[in-house]
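# Structure at a glance
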Amino acid sequence: MANDILVQVNEKMSSSIDALKKELVRIRTGRASLSLLDGVRVDAYGSQMPMDQVGTMTIPESSMIAIKPWDPQMLPAIEKAILASDLGLTPANDGNVIRLNIPPLTEERRKELVKQVKKIGEEFKVAIRNVRREANDSLKKLKKDKEISEDDMFRLQEDAQKATDDFIKQIDEIVSGKEKEVMEV
């Protein structure tokens, strides 16, 4: 029972790391990346569809994304979806393909993005600490219900703390890597 708590702690913390990576992928770095469009949904045939399900997306240059819809009638809907997203990109439509030029980031914008990256990192650290707190509360309840001894409770709390430290270290490494990527010209 008590070991199940530690397994859950590791699972929840691992899923937080995965969520952090997905969140940071969306932050623009001045280079073209198809993952920038992951959150963009296109109104296609009466339903909201992910961008990769309405056309072929490619990166012909390091600062451009090209989207060729399978149905040319989808061009206006794709343009509208990109403009409605908070990416700050303007689509160029030539009748067959939509091109997104990724402008180089200014120094000021890079600094803003670094602050945003740090803020996201802090939010995920708080989530990791909340998982540890929940585990500690569960362990205290087990001890109170006399399902585990006090020594076992302290040992398991120590294990939860070690896991927390490891995952926070991972978050710091991921965030610092993203900061370097954003500041890279």
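Computed from a prediction, not measured in an experiment: that's the story for all the values here.

Attention now goes to the overall build of the protein chain. Of regular secondary structure, the protein chain possesses four helices and six strands. The order of α-helices and β-strands along the protein chain, N terminus first, is α-β-β-β-β-α-β-β-α-α. Its C-alpha atoms give the protein chain a radius of gyration of 22 Å, clearly above 16 Å, the size a compact globule of 185 residues would have. Principal axes of the C-alpha set define a box for the protein chain whose edges measure 70 × 40 × 20 Å. For the protein chain, the share of sequence-separated contacts (at least 6 apart) that also reach a separation of at least 24 residues comes to 66%. Roughly 11000 Å² of accessible area belongs to the protein chain as shown, and the carbon and sulfur atoms make up 49% of that amount. With 30 positive and 33 negative side-chain charges, the protein chain shows a separation of 3 Å between the mean positions of the two kinds.

Let us look at the pattern of salt bridges. Scanning the entire structure with this criterion turns up eleven salt bridges. The salt bridge involving Lys 141 is made with Asp 145; its shortest N-O contact spans 3.0 Å. In this structure Lys 141 comes out as exposed when scored by relative accessible area, which is 52%.

To continue, consider the sheet that holds strand E6 (residues 98-101). Taken in spatial order, the four strands line up as E3-E4-E6-E5 in an open sheet, and their pairing is antiparallel. One side of each edge strand has no neighbouring strand; the edge strands of this open sheet are strand E3 (55-61) and strand E5 (91-93). Recorded for the sheet is a direction-independent mean angle of 25° between the axes of neighbouring strands. Bridging between strand E4 (residues 64-69) and E6 involves four bridges; their strand directions are antiparallel. Bridge pairing in E6 links Ala 66 to Arg 99.

So, about helix H4 (residues 150-183). Three or four residues apart is the spacing at which side chains of an α-helix point the same way, because the helix has 3.6 residues per turn. With 34 residues, H4 should cover 50 Å at 1.5 Å per step; its first-to-last C-alpha distance of 49 Å lies within 8% of that length. Buried within H4 we find Met 153, Leu 156, Gln 157, Ala 160, Ala 163, Thr 164, Phe 167, Ile 168, Ile 171, Val 175, Lys 178 and Val 182. Buried residues along H4 sit in contact with helix H1 (2-25) and helix H3 (107-144).

Our next topic: the side chain of Lys 125. Residue placement: Lys 125 occurs in helix H3. By relative accessible area, which is 12% here, Lys 125 ends up buried. Among the polar contacts made by the side chain of Lys 125, one reaches the side chain of Asp 172 at a distance of 2.6 Å. Discounting residues that sit within four places of it in the chain, Lys 125 has contacts with Ile 168, Ile 171 and Asp 172.

All right, on to the nonpolar core then. Membership of the largest hydrophobic core comes to 30 residues, with the highest contact counts inside it found for Val 9, Met 13, Ile 27, Leu 139, Ile 148 and Ile 171. When contributions to this core are tallied by element, the ones reaching two or more residues are H1, H3 and H4. Setting aside anything within four residues of it in sequence, one finds Met 13 in contact with Ile 128, Val 131, Arg 132, Ala 163, Thr 164 and Phe 167. Listed in part, the 23 residues of the second largest apolar core include Ala 32, Ala 77, Ile 82 and Leu 100.

Quick notes on the rules
- Residues numbered from 1 in each chain as written.
- Predicted model: local features only at pLDDT ≥ 70, side-chain atom pairs only at ≥ 80, totals over all residues.
- Heavy atoms only, no water.
- Helix = DSSP H or I, 4+ residues; strand = E, 2+ residues; numbered from the N terminus.
- Rg over C-alpha atoms; globule rule 2.2 N^0.38 Å.
- Contact = heavy atoms within 4.5 Å.
- Areas by Shrake-Rupley, 256 points an atom, 1.4 Å probe, with all protein chains shown as cover.
- Lys, Arg positive; Asp, Glu negative; His and termini not counted.
- Charge placed at Lys NZ, Arg CZ, Asp CG, Glu CD.
- Salt bridge = Lys/Arg side-chain N within 4 Å of Asp/Glu carboxyl O.
- Buried < 20%, exposed > 50% of the residue type's maximum accessible area, 1.4 Å probe, protein only.
- Pairing = 2+ DSSP bridges.
- Axes fitted to C-alpha atoms, helices over the stretch in contact; angles between N-to-C directions.
- Expected span 1.5 Å × (residues − 1).
- Polar contact = N/O pair within 3.5 Å; in protein donor to acceptor, adjacent residues only side chain to side chain.
- Core = buried A, V, L, I, M, F, W, Y, C linked by side-chain atoms within 4.5 Å.

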